[in-house]
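Descriptive analysis of the structure
Okay, here's what each chain looks like letter by letter:
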Amino acid sequence: MVPLATPLHETRRALAWADIVVAAAGSPGLVRGEMLRPGAVVVDVGINTIDDPSNPRGYRLPGGGGFATGSEGGPPLPP
């Protein structure tokens, strides 16, 4: 477990050796693909709202994982 207040360099170090990461950070895109070790599995349980004028609701619900950054790990599991 890595609390949100943990310095980023320590968070990166913890994620670099994790086999399974459960992202529930409350911060959109906090966990990025380059932080993960190859083969890691991410279970993203975070729910955040960010403005998105292209969405009929005006917002979208991303999780805490920034999967668009790419990863050589396993497939992300969406919220």
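Bear in mind the structure is a predicted one, so any value in this text is a computation, not a measurement.

**Things to note about the pairing of strand S1 (residues 20-23)**
- With burial as the criterion, only one face of S1 is covered, namely that bearing Val-21 and Ala-23; the residues Ile-20 and Val-22 on the opposite face remain uncovered.
- The pairing of S1 with strand S3 (residues 41-44) spans 4 bridges and is classified as parallel. Residue Val-22 lies in a different strand from S3, and its bridge partner there is Val-43.

**Regarding a nonpolar patch on the surface**
- A cluster of nonpolar side chains, contributed by Ile-20, Val-22 and Val-45, occupies part of the molecular surface with about 290 Å² of accessible area.
- Within the element layout of this structure, Val-45 appears in the loop between S3 and strand S4 (50-51).

**A word on the layout of surface pockets**
- Put simply, the largest pocket is a space of about 430 Å³.
- Lining of the largest pocket is provided by 19 residues; of these, Val-2, Thr-11, Leu-15, Val-21 and Val-22 occupy positions nearest its centre.
- Secondary-structure elements contributing two or more residues to the lining of the largest pocket are helix H1 (8-17) and S1.
- No other element matches the 5 residues that H1 contributes to the lining of the largest pocket.
- Here the residues of the lining of the largest pocket are counted per class, giving 17 nonpolar, 2 polar and no charged.

Conventions used here
- Residues numbered from 1 in each chain as written.
- Predicted model: local features only at pLDDT ≥ 70, side-chain atom pairs only at ≥ 80, totals over all residues.
- Heavy atoms only, no water.
- Buried < 20%, exposed > 50% of the residue type's maximum accessible area, 1.4 Å probe, protein only.
- Helix = DSSP H or I, 4+ residues; strand = E, 2+ residues; numbered from the N terminus.
- Pairing = 2+ DSSP bridges.
- Patch = residues over 30% accessible without salt bridge, like charges linked within 9 Å, V, L, I, M, F, W, Y side chains within 5 Å.
- Areas by Shrake-Rupley, 256 points an atom, 1.4 Å probe, with all protein chains shown as cover.
- Salt bridge = Lys/Arg side-chain N within 4 Å of Asp/Glu carboxyl O.
- 1 Å grid on protein atoms, 1.4 Å probe; cavity = no way out; pocket = protein on both sides within 12 Å on 5 of 7 lines; lining within 4 Å.
- Points joined across faces, edges and corners; volume = space filled by probe spheres on them.
- Nonpolar A, V, L, I, M, F, W, Y, C, P; charged D, E, K, R; others polar.

Honestly, it's all geometry; don't read function into it.
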